[in-house]
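# What the coordinates show
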Amino acid sequence: NSVNIENINELDSNLKSVITDIEDIKVKEAERIVSPVKTKIQPISDRATNWNFIFPSLIALVVMFVSILLSSTLVLREKKNKAYFRNFITPTTNFTFLIGTYLTSFLILILQLLIIFGQGFFFLRGELVNVLFGVSIALFAISSVFILIGIVIGYSFQSEETSTLASMSIASIFLFISNTILPVETIPANLKWLGLFNPLVIADSLLKKLILFNASIQSVLTELYLLIGYAAF
């Protein structure tokens, strides 16, 4: 009997210890025990429409196609103009004609961008105001690269038809190896560097960082330096 009493006392002590341990548990809800980690998914952008995500890519595409086609066409029109020989024998340097073509293309492109940005201000409800300065600097670098590419194409061909065909071909190559149609990650590994250093990819990434994430100029200096290097080359 004494052995049974000792066993009962030991069992009672163990039960009290278990009860004490259970009472010390802070989390007692079954839901919190089953899912102890709570997750909350929030969008990286507070905007409600998809227009803001399409807008940077749209701007990059418009700048690329308009700049390349316009500048190459202007060069061919100047070469075919009857006053070309008269201008050629004047003491005016070729750099002056180059700057003239560049400024003409740039001014026409600015007018088109003003129309597009006017629509952007309407659909995005003034969200572009905060990033307008950074976007203006980025667009200057982006348009300079594509305008100069178009000028090189214009001076490389003798007819307007072949120049237009070459401009469309080069712009299409930039488009197909960019992340506008397919992600750059899908490009084969040995050709991925073409996509990473594609001017359209750089322009698209730069505009998305500035417009979608309100990035500062200091955080996108790498992309700007690449575009400046392309323009200088």
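Above: the structure in question.
On to the overall build of the protein. Along the protein, the regular secondary structure elements total 10 helices and zero strands. When the 233 residues of the protein are sorted by exposure, 31% land in the buried category. Of the accessible surface of the protein, which amounts to about 15,200 Å², a share of 67% is contributed by carbon and sulfur atoms.

Turning our attention to the nonpolar core. Ranked by size, the top nonpolar core spans 35 residues in total, and within it I59 and I142 carry the most contacts. Counting only elements with at least two residues in this core, the list comes to α3 (51-80), α5 (94-123), α6 (132-156), α7 (160-176), α9 (199-212) and α10 (221-232). Looking at this core element by element, the count peaks at eight residues for α6. Residues within four places of I142 in sequence aside, it is in contact with V63, A203, L206, L207 and L227. In this structure, V75, Y102, F106 and I147 belong to the second largest nonpolar core, which totals five residues.

So, on to the pattern of salt bridges. Enumeration over the complete set of coordinates arrives at three salt bridges. Residue E160 is joined to R77 by a salt bridge in which the shortest nitrogen-to-oxygen separation is 3.1 Å. Pair noted here: E160 is in helix α7 and R77 is in helix α3, with a separation of 83 residues, a long-range link. The salt bridge partner of K209 is E223, with a shortest N-O separation of 2.6 Å. Of this pair, K209 sits in helix α9 while E223 sits in helix α10, placing them 14 residues apart in sequence.

Calculation criteria
- Residues numbered from 1 in each chain as written.
- Predicted model: local features only at pLDDT ≥ 70, side-chain atom pairs only at ≥ 80, totals over all residues.
- Heavy atoms only, no water.
- Helix = DSSP H or I, 4+ residues; strand = E, 2+ residues; numbered from the N terminus.
- Buried < 20%, exposed > 50% of the residue type's maximum accessible area, 1.4 Å probe, protein only.
- Areas by Shrake-Rupley, 256 points an atom, 1.4 Å probe, with all protein chains shown as cover.
- Core = buried A, V, L, I, M, F, W, Y, C linked by side-chain atoms within 4.5 Å.
- Contact = heavy atoms within 4.5 Å.
- Salt bridge = Lys/Arg side-chain N within 4 Å of Asp/Glu carboxyl O.

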